[in-house]
Amino acid sequence: MGASGFAEWTHRFETERDRRAAGPDPQWESGASLPPAVRASIQRFQAGEDGDSSGLFAKADAAGDPAYSAAVRLFVAEEKNHARLLALLLKAGGATTQAGHWSDAAFARLRRLPGLRTELLLLMVAEVVALHYYRALREGTDDPLTSEVAGRILADEERHVPFHCERLRASVAELPRAARRAVLAGWRVMLLGAGLVVAADHGRALRTLGVGRGRFVAEVVGSGGPVVSAILGTTPMRVPAVSAEPVGGAAGVLPHARGPSVDSEQGPPGPGLALARPRRFS
């Protein structure tokens, strides 16, 4: 994708940033009811959202597309806002943040590997896992504040995946055909591994939210096919429209779909990812 394409992404991120700034924060004073397992799980995800991004900035700058570099910085700003929201949610629930977790340290070490393509493939693993985690948190909790925060983050994450797919499409296309398949097959193995790690480490929280470990892993792994298709450019996809609803609404969440679709009336052309939305948990 050329600079003009990522200029559209920059505009999309800026529009969301301005919309957030114009709207109110969640009503933290209402407090949050966080079961112990869910509280511990949110603490670990909060630490992961607040990671260092200097390496990503350097790699994005080296790609030579100023519009892409600007979009990456806006993407990271959204991730930092996720960390802020989760920290305030924990505070509303009478809990504190934690310094880090072994899985975050391992992920940070992997991200030091050279190359923007490698960095984005690793980020894509984290983003796909996050989609399913925040969806489970939004749908499975009985606490209104927790559901609102998870919904806000989920709406952002559902834009992040197609954003990274767009850059990876151009990057993977530079590889020989056989190498493309091998790289993406390796990515799907990493996705399986990440799903298993999260299911094991957050299993108690997932059960509290109505999702068993096996189901969570199956849903994460099932997302691999649409992502690979988007990166290879073999399936048309759509970008979620910039929300016109107040901050905290679920307008950015993609609807349930059996496969990707093209939305020619909303937003600039680009990829989007249609991931199955689980039913409301009881």
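Note that this is a predicted model, so its numbers are computed, not measured. (Residues numbered from 1 in each chain as written. Predicted model: local features only at pLDDT ≥ 70, side-chain atom pairs only at ≥ 80, totals over all residues. Heavy atoms only, no water.)

(A) Region of the structure containing the overall build of the chain. Within the chain one finds 11 helices and 0 strands. Counted from the first residue to the last, the chain has its helices and strands arranged as α-α-α-α-α-α-α-α-α-α-α. Burial analysis of the chain (282 residues in total) assigns 48% to the buried set. Contacts spanning at least 24 positions in sequence make up 82% of the contacts within the chain whose residues lie at least 6 apart. With an accessible surface of roughly 12300 Å², the chain has 56% of that area assigned to carbon and sulfur atoms. (Helix = DSSP H or I, 4+ residues; strand = E, 2+ residues; numbered from the N terminus. Buried < 20%, exposed > 50% of the residue type's maximum accessible area, 1.4 Å probe, protein only. Contact = heavy atoms within 4.5 Å. Areas by Shrake-Rupley, 256 points an atom, 1.4 Å probe, with all protein chains shown as cover.)

(B) Just the nonpolar core, in detail. Ranked by size, the top nonpolar core spans 67 residues in total, and within it I42, Y134, F163, W187 and F216 carry the most contacts. Of the residues forming this core, the biggest block, 14 residues, is contributed by helix α6 (residues 116-140). Beyond its immediate sequence surroundings of up to four residues, F163 is in contact with F6, W9, F13, Y68, A71, V72 and F75. (Core = buried A, V, L, I, M, F, W, Y, C linked by side-chain atoms within 4.5 Å.)

(C) Local environment of the packing of helix α8 (residues 177-201) against helix α11 (residues 224-232). Following both chains from N to C, one finds α8 and α11 inclined at 150°, their axes separated by 11 Å at the closest point. By the angle between their directions, the pair α8 and α11 is classed as roughly antiparallel. For the pair α8 and α11, the crossing hand works out as right-handed. Every residue of α11 that contacts α8 at R180, R181, L184, W187, R188 and L191 is listed here: G224, G225, V227, V228, I231 and L232. (Axes fitted to C-alpha atoms, helices over the stretch in contact; angles between N-to-C directions. Parallel < 35°, antiparallel > 145°, perpendicular 65-115°, else oblique. Left-handed = near helix turned anticlockwise from the far one by under 90°.)

(D) Representation of the environment of D156 within the structure. Mapped onto the elements of the fold, D156 is located in helix α7 (residues 144-173). Separated by 143 residues in sequence, D156 and F13 place their C-alpha atoms 9.4 Å apart. With sequence-adjacent residues up to four places away left out, D156 is seen in contact with R20, E78 and H82. For D156, the side chain forms a polar contact with the side chain of R159, separated by 2.6 Å. (Polar contact = N/O pair within 3.5 Å; in protein donor to acceptor, adjacent residues only side chain to side chain.)

(E) Representation of the packing of aromatic side chains in the model. Going through the model one piece at a time under the given rule, you end up with 10 aromatic pairs. Where F6 meets Y68, the ring centres are 4.8 Å apart and the plane angle is 65°; that geometry is what we call edge-to-face. Within this pair, whereas F6 is found in helix α1 (residues 3-22), its partner Y68 is found in helix α4 (residues 66-92), the two being separated by 62 residues in sequence. Across this residue pair, the class does not change: F6 and Y68 are buried. For the pair W9 and F13, a centre-to-centre distance of 6.1 Å together with 35° between the ring planes defines the contact as tilted. Within this pair, W9 and its partner F13 are both found in helix α1, separated by 4 residues, close to a single helical turn. As far as the burial class goes, W9 and F13 line up, both buried. (Phe/Tyr/Trp six-rings, centres within 6.5 Å; stacked < 30°, edge-to-face > 60°.)

(F) Here's a closer look at the pattern of salt bridges. For the structure shown, the criterion picks out 15 salt bridges. A salt bridge links E16 to R19; its shortest N-O distance comes to 2.7 Å. Taken together, the positions of E16 and R19, both in helix α1 and 3 residues apart, correspond to about one turn of that helix. R152 is the salt-bridge partner of E148, the closest N and O atoms lying 2.8 Å from each other. Residue E148 and its partner R152 are located together in helix α7, separated by 4 residues, close to a single helical turn. Within this structure, R20, E78, D156 and R159 form a network of salt bridges that share partners. (Salt bridge = Lys/Arg side-chain N within 4 Å of Asp/Glu carboxyl O.)

(G) Broad picture of the confidence of the model for the chain. Residues at a pLDDT of 70 or more form 77% of the chain, whose mean pLDDT is 81. In the predicted structure, residues 240-282 sits below a pLDDT of 50 and forms 102 contacts with residues beyond four places in sequence or in another chain. (pLDDT = per-residue confidence, 0-100.)

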